Amino acid sequence: MTNLHDPREALRPLFRTALQAAFGPEFADEDPILRSSTHADLQANLAMGFARRLKMQPRAVGEAIAAALPRNEVLARVEVAGPGFLNLTLADGWITAAATAMLQDPRFGVPCATRPERVVIDYSAPNVAKEMHVGHLRSTVIGDALARLLSFRGHEVIRQNHVGDWGTPFGMLIEHLLDRGEAEASAELGVGELSSFYKAARRKFDGDPGFADRARNRVVKLQSGDPETLRLWSILVQLSHRYFSEVYRRLDVTLTPDDIKGESFYNSLLAPLCDELEKQGKATINQDALCLFPPGFVNRDKEPLPLMIRKKDGGFGYATTDLAAIRHRIEDLKATRLLYVVGAPQEQHLAMVFAAARELGWLVPPIRAEHVKFGSVLGTDKRMFKTRQGDAVRLVDLIDEAVEAAQREVRENCKEVDDEETIRELSRSVGVGAIKFADLSCDRIKDYVFDLDRMVRFEGRTGGYVQYAHARIQSIFRKTEKELGALVFAQGLSLSSDSSERQAERALMLRLLGFREAVEAVENTLQPHLLCTFLLDTAEAFSTFYQQCPVKNAAPERRAVRLSLCKLTAGVLATGLSLLGIQAPPRM
Ligand code: ARG
């Protein structure tokens, strides 16, 4: 047995042989389109597509493929159904051998990518002196899951936290800092009172013309590099960084201060970039502003849409920075895959930046950029998630509430923990895991409803359900060891002779064999919910297995096999959760 833990991988060469034999070499590499099915272990659905090309009845196509499949150890049965579907039943011997190989593999059957890449992931990207809100939560949680999963696959991941740390609001923020006094302002920002600070500055800017003038002068000083202004600016930046780090720590997010490459990093690159593009004739002056016109973008009147990179006052904006950033990521960081985990409203902006980078000859194959866009977080009233005052909900408050709600669940359901310290620790794992799982488990492009009470539960499609299955296995180990003195595992997996027990064991093994497919699917589609679904299905298969099959009280040989199957299940659940950035507590 090589590292073919994945049924689809094992079946591919068989189909290649069959397709070549039945229809000729030009069909050999066609995808057998294998899907899971209620009628069999897997179903191949290629007959319909082939029928037209071959001018044959779909059913006859299916029969021809079935007849041409070479003798093999993977399949026990092939049945042609309906319009040529192939219902495939895997051989028990193959399943147990594959599950055994998976058990012996520290990576649980997920190989490293054959062509590792350098991947830049732009995620989180909060703004200095501004509160992190649920939009940043989504970017942070999705981006971090992708970073973990791609690293696990052997890619070199470069995290880029594109913090908003530059621009005109800093004029009013610095002046407000001076009015408040450095020490007082630092104290306020140090405890994370970012939005009140920002709002107070904004209020003065809007209501006090003298203040607004000072703020505008301050922007000029900041942009011209006045040392004292830069010092004040960096106070705001440092305090915010400290605050972001604290949020990341509480959220178990892997971002560190080293991953911060804020907008200000690109400052010195912007003027030369614009000059270069202007000189080369790649950017053109349009109503006194310097613009790129990336192909394929037009306004309502079908006129080319500009990507403005230098405003008529000579200033640079968000687009200029993103253009400099994409060049940096390609030319300096030498990444071949660029991911932007940014909300759906920025779709057009990013599409224009990508198109411009393509036009400029930077973004050329195999280098590619992908907007990993996501929908909004809604309240239980299905409207944008806001506080009663209409403000964006603070991320830290959400974490607090989630941990609190989780604590209620833990106290009610977790009979294995009693001391306060463990309860607190567990509530944190469950609460943070609940937020993350709820976010990751829905199709990321869609909006989702933030329903804390639902997501902290241990039932339903929740993180807690998966965590609980994992902890339950650990508890089986503890109880078995306590009662029998030692845990004896089997080297190899096999199936019971009892038919209903056999079926539950087989179903669980078959589920587990889908781990590789789930991880690779997330890598390719950047849709973490595919892994969430896998983990939920696996936890469910485990729960059925455990209802059907005694472990501790089984005969010694069977017990050893089942303990090994439990170990494989726990390993896969914990690894899968860790790829999502969710803890797997040993005791619940
Ligand atoms: N700071 C921005 C915001 O809060 C997100 C930045 C996203 N990344 C980027 N390269 N534009 O909306």
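Just above, that's the structure.
In this numbering scheme, every chain counts its residues from 1 along its sequence in written order. A pLDDT threshold of at least 70 governs which residues receive local features in this predicted model, and a stricter bar of 80 or more applies before side-chain atom pairs are shown or counted, although totals over entire chains, interfaces and linings include all residues. Processing note: side-chain calculations cover all non-hydrogen atoms of the structure and skip hydrogens and water entirely.

> For this particular structure, what's the right way to read the pattern of salt bridges?
In a structure, side chains of opposite charge can pair up when their charged atoms sit close to one another. A side-chain nitrogen of Lys or Arg and a carboxyl oxygen of Asp or Glu constitute a salt bridge if their distance falls within 4 Å. If you walk through the whole model with that rule in mind, you get 47 salt bridges. Among the ionic pairs, aspartate 179 bridges to arginine 214, the shortest N-O distance being 2.5 Å. With aspartate 179 in helix H6 (residues 169–180) and arginine 214 in helix H9 (residues 209–223), this pair connects stretches of sequence that are 35 residues apart. For aspartate 179, a relative accessible area of 40% translates into the label partly exposed. Its salt-bridge partner being aspartate 213, residue arginine 216 comes within 3.6 Å of it at the nearest N-O pair. For the purposes of this entry, the term helix denotes a DSSP run of H or I that reaches at least four residues, the term strand denotes a run of E that reaches at least two, and both are numbered from the N terminus. Classification of residues uses two cut-offs on accessible area relative to the type maximum, computed with a 1.4 Å probe and protein chains only: under 20% is buried, over 50% is exposed, and between them is partly exposed.

> I'm lost on the packing of aromatic side chains in this one. Help?
Aromatic ring pairs: the centre-centre distance and the angle between the two ring planes describe each pair. Each Phe, Tyr or Trp ring (for Trp, its six-membered ring) is paired with any other whose centre lies within 6.5 Å, and the angle between the two planes then decides the class: stacked below 30 degrees, edge-to-face above 60, tilted in between. In this structure the tally under the stated criterion is 13 aromatic pairs. Between phenylalanine 265 and tyrosine 266 the ring centres are 4.9 Å apart and the planes differ by 85 degrees, which places this aromatic pair in the edge-to-face class. A relative accessible area of 0% means that tyrosine 266 is categorised as buried. Considering the side-chain rings of phenylalanine 477 and phenylalanine 489, the 5.6 Å spacing of their centres and the 80 degrees angle between planes classify their relative orientation as edge-to-face. Taken together, the residues phenylalanine 477 in helix H17 (residues 463–484) and phenylalanine 489 in the loop between H17 and helix H18 (499–512) connect sequence positions 12 residues apart.

> Would you mind showing me how to read helix H21 (residues 556–579) here?
Note on helix geometry: an α-helix contains 3.6 residues per turn, so any two residues three or four positions apart are oriented the same way. Between its first and last C-alpha atoms H21 spans 34 Å; for 24 residues at 1.5 Å apiece the expected length is 34 Å, and the two agree. Just past H21, the residue glycine 581 takes up positive phi, approximately 80 degrees. Expected span of a helix, by definition, is 1.5 Å for each gap between consecutive residues, and there is one gap fewer than residues.

> What is the right way to read the sheet that holds strand E10 (residues 337–340) from this model?
Sheet strands pair by backbone hydrogen bonding; their relative direction is either parallel or antiparallel. In space, the four strands of this open sheet follow the order E6-E5-E10-E11, with parallel pairing throughout. Each having just a single partner strand, strand E6 (156–160) and strand E11 (368–371) make up the two edges of the open sheet. For this sheet, the mean angle separating the axes of adjacent strands, direction not counted, is 20 degrees. For E10 and E11, the ladder comprises four bridges, and the chain directions are parallel. Whether two strands pair comes down to DSSP finding at least two bridges between them. Fitting a line to C-alpha atoms yields each axis, with helices limited to the stretch in contact; the angle taken between N-to-C directions then spans 0 to 180 degrees.

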